[in-house]
Amino acid sequence: MAEVLEVSDDELIPTVTNMMSSGNDSNITLWVKSELFSYGALPIAPHPRLTFNNIKKIVIYAKNKGESCFPKISYSVWRHIACNKLLLTEDLAWMYFHTCHLFSEDLSPVERMEWDQEMSNCSTKQERDHLKSRVKVNTLKFVLYLYVQQIHKVSLKASLVAGDEWPTTRSSSPDLDGTGRSTPRGNKTLDDHSHLVYIQSNMHEILELLVDPESYNRNNPSESLVSIQALSAISFLIAGSIDKCKSLLPIQDIAVLQTVQHRTGYSKLTKSFTLRPLQLWIKDCLVQNMFGISACIASGRRLSWAGAGEEKDVKSETKKRGKIATNAHVVPKEHIKGNKIIIMSQVSKQTIGRSSNTLENSSVKIHRCHYSYLYLLSPLRSVTIEKCRSTTIVLGPVETTIYLSHCEKVTLIAPCRNIMISGSTLCNLYTLTPNRPVILGGNDTLLLAPYHTFYPSIEDHMNKVGIGNSKNLWDQPLCVGPDHKDEGPVWELLPVSEFFTFNIPFEVEGTTISIPGGLPNKYQKAVTQRQKQIDSWQKTVKDAGLNKQQRKEFQELVESRFHVWLAETNYKRELDSLVVPPPSTTT
């Protein structure tokens, strides 16, 4: 990671300047939003029938169906198309639909929690289907969402043209540590450059999806018209600014500015754009994501997050510390969601506990962290955990999605709306989620378990992001991809005999005193039985009638055995890292 300025994570984000009413053409910048690609596009090859031609037919079908399908399409109509025309499974159809709904529809936290409650009250499939049929998304945004799935399409022809072996593992994108080490081409969740190239290469087809079928010019498609309303759907994929990112504007508002109308092909009479000049203008203005990983690596600010058991004075340290940076200081306040990011890279053998305004509502990227304990106890927007090993990660509630990728021996503890797991092995997942965990390809030996901890402010944080405790599908994973077999599943539920509750070793203000939603019956019985055994043991010791010397010897024996157990299980290092250092003296 490039060297960045160091600030406290309590530093206030600067106030956003007023939006400009018009802009100089040279100041206009457009960029591809990373959130939809990182958490909306499944990192597997898309269904073979999810092609451009078939997606375009969805627009035509929706337009012909009238108001019931356009400008918003209901799940019942999409399910008919997906299951009967495209031959998708119903589970996959719903996953696509509700994921698009999550990122495209601006529902309040209360509305999302009320819907989850309604769903949990349904006792039959018919009731659940009826409730799902009421859900609608913007039709054009949905077809763009479906088209984005093509970014993970494996192309033998493209690989041969690029001179790569197939399947390839090379990529031109820099790694998070800035060394230039490549990430697999199939894993584009952190690759801003891949997102940009994909949009640039496919801009013509993207705009064709937005063309009203009635105004489509078959003889010369480039002369077809795109309405202002249709162009507004592309704001789902592309963000823009006319004042060097001090404020953001929807792309349709930028495209109709007086200074750029001659380039965008806008007609005041038809209130629409001609496809070809619009395409050229967008491609000409596109730059790499201004609020993406690469930008944060290059110009983000270093966060001075000292470990729980280490001095905050970095200069006094002899060991190499992980790199933690953010772009919070440059993100406009009203556009924090999906843009404010925090990168934690190469944190090794450390314990970090944090709850702060800077962390709140951020998209967190945890990368190549090893043998560490990370406690990020704030409401979060999204989280990517990539290439981590032997690390315990405890998160506050995550508003959208957690994506666990290419990890080994990671323990994840979190409430979240969605979770995806890809290419990971020997990982334990303790989750509270209203949607089915999505298990993709390349996984092995995943243990699924119910959320088993709390901190005093967690319920307040859950309310802020719209995650309730009425519905938890932690034990009903959806396996997507060709490498899943019923006779050899890559996951199993955590055995009751191995289940223990988890204590968060930090003081946090709040009123929550128990695990949100409680534990499933069989796990609660195991915890209760174990507590009875402890109570029985304590009573046995109390009733043993030991004298003062015997009690002292017994205490020393127990402590000795306890320290041996700590050393054998490697918990001693975890406890040592929590020791508060003595206050430093200055001269």
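Nothing here was measured: the structure is a model prediction, and the numbers come from that model.

Caption draft 1: Inspection of the sheet that holds strand β2 (residues 29-32) at higher detail. Pairing in this open sheet of three strands is mixed, and the strands run β6-β2-β9 from one edge to the other. Looking at the sheet topology across the chains shown, the edges are occupied by β6 (238-241) and β9 (286-287).

Caption draft 2: Spatial organisation of helix α16 (residues 458-465). Of the positions making up α16, those classed as buried are Ile458, His461, Met462 and Val465. Seen from one end, α16 has its buried residues packed into an arc of 100°, which puts them on one side. Contacts from the buried residues of α16 go to α5 (109-121), β18 (398-405), β19 (408-422) and β20 (425-432). One or two residues past the end of α16 sits glycine 466, with phi positive at roughly 80°.

Caption draft 3: Spotlight on the confidence of the model for the protein chain. Taken as a whole, the protein chain shows an average pLDDT of 85; of its residues, 85% reach a score of 70 or greater. In this model residues 156-189 is a low-confidence stretch, pLDDT under 50, and it forms 62 contacts with partners more than four residues away in sequence or in other chains. Scored below 50 in pLDDT, residues 311-318 makes eleven contacts in the model with residues more than four places away or belonging to other chains.

Caption draft 4: Structural view of the sheet that holds strand β8 (residues 272-274). The three strands lie next to each other as β5-β8-β7, forming an open sheet whose pairing is antiparallel. The two strands at the open ends of the sheet, each matched to only one other strand, are β5 (225-227) and β7 (266-267). The sheet contacts of helix α14 (residues 275-285) involve β5 and β8, and relative to β8 the element is tilted by about 85°.

Caption draft 5: Unusual backbone geometry, seen in detail. Proline 71 follows phenylalanine 70 through a cis peptide bond whose omega is 10°. Summarising the element assignment, proline 71 is placed in the loop between α2 (52-65) and β3 (72-74). Despite not being glycine, lysine 271 shows a phi value in the positive range, around 50°. Within the secondary structure, lysine 271 is located in the loop between β7 and β8. Overall, the relative accessible area of 52% leaves lysine 271 in the exposed class.

Caption draft 6: Quick look at the pairing of strand β16 (residues 382-386). Judged by how many residues are buried, β16 sits mostly within the fold: five of five residues are covered. Along β16, one buried face is formed by Ser382, Thr384 and Glu386 and the opposite face, lined by Val383 and Ile385, is buried too. Across five bridges, the pairing between strand β14 (residues 363-367) and β16 is parallel. In the strand pairing of β16, valine 364 is matched with valine 383. The pairing of β16 with β18 spans four bridges and is classified as parallel. In the strand pairing of β18, glutamate 386 is matched with serine 405.

Caption draft 7: Structural context of the packing of helix α3 (residues 75-85) against helix α4 (residues 90-104). Contact pair α3 / α4: the axes reach a minimum separation of 10 Å and the direction vectors enclose 135°. When the axes of α3 and α4 are compared, the pair comes out oblique. Handedness of the crossing formed by α3 with α4: right-handed. Where α3 approaches α4, its residues Tyr75, Trp78, Arg79, Ala82 and Cys83 are matched on the opposing element by Glu90, Ala93, Trp94, Tyr96 and Phe97. The residue makeup of the contact of α3 with α4, split by class, is eight nonpolar, no polar and two charged.

Caption draft 8: View of the side chain of serine 34. Inspection of the secondary structure assignment puts serine 34 in the loop between β2 and α1 (35-39). Excluding residues within four positions of it along the chain, serine 34 makes contact with Asp192, His195 and Asn289.

Caption draft 9: Broad picture of the pattern of salt bridges. A full pass over the atoms with the stated rule returns 16 salt bridges. Between lysine 56 and glutamate 208 there is a salt bridge; the shortest N-O distance is 2.9 Å. Note that lysine 56 is positioned in helix α2 and glutamate 208 in helix α10 (residues 203-210), a separation of 152 residues in sequence. Across the pair, exposure class does not vary: lysine 56 and glutamate 208 are buried alike. Note that glutamate 399 is salt-bridged to arginine 381, the shortest N-O span being 3.3 Å. In this pair, glutamate 399 sits in strand β18 while arginine 381 sits in the loop between β15 (373-376) and β16, placing the two residues 18 residues apart along the sequence. Judged by its relative accessible area of 11%, glutamate 399 falls in the buried class. Taken together, the shared-partner salt bridges connect Glu35, Lys337, Arg381 and Glu399 into one network.

Caption draft 10: Highlighting the nonpolar core. Counting 87 residues, the largest nonpolar core has Trp78, Ile199, Ile238, Trp281 and Ile282 as the members making the most contacts within it. Ranked by residues supplied to this core, first place goes to α4 with nine residues. Counting residues in each nonpolar core, the second largest holds 59 residues, with Tyr373, Val394, Cys427 and Ile458 among its members.

Caption draft 11: Here's a closer look at the environment of tryptophan 305. Following the sequence through the fold, tryptophan 305 ends up in the loop between β10 (301-303) and β11 (323-326). Judged by relative accessible area, which is 0%, tryptophan 305 ranks as buried. Placed 47 residues apart in sequence, tryptophan 305 and isoleucine 352 show a C-alpha to C-alpha distance of 7.3 Å.

The rules behind each value
- Residues numbered from 1 in each chain as written.
- Predicted model: local features only at pLDDT ≥ 70, side-chain atom pairs only at ≥ 80, totals over all residues.
- Heavy atoms only, no water.
- Pairing = 2+ DSSP bridges.
- Helix = DSSP H or I, 4+ residues; strand = E, 2+ residues; numbered from the N terminus.
- Buried < 20%, exposed > 50% of the residue type's maximum accessible area, 1.4 Å probe, protein only.
- Arc of directions from axis to C-beta.
- Contact = heavy atoms within 4.5 Å.
- pLDDT = per-residue confidence, 0-100.
- Axes fitted to C-alpha atoms, helices over the stretch in contact; angles between N-to-C directions.
- Parallel < 35°, antiparallel > 145°, perpendicular 65-115°, else oblique.
- Left-handed = near helix turned anticlockwise from the far one by under 90°.
- Nonpolar A, V, L, I, M, F, W, Y, C, P; charged D, E, K, R; others polar.
- Salt bridge = Lys/Arg side-chain N within 4 Å of Asp/Glu carboxyl O.
- Core = buried A, V, L, I, M, F, W, Y, C linked by side-chain atoms within 4.5 Å.

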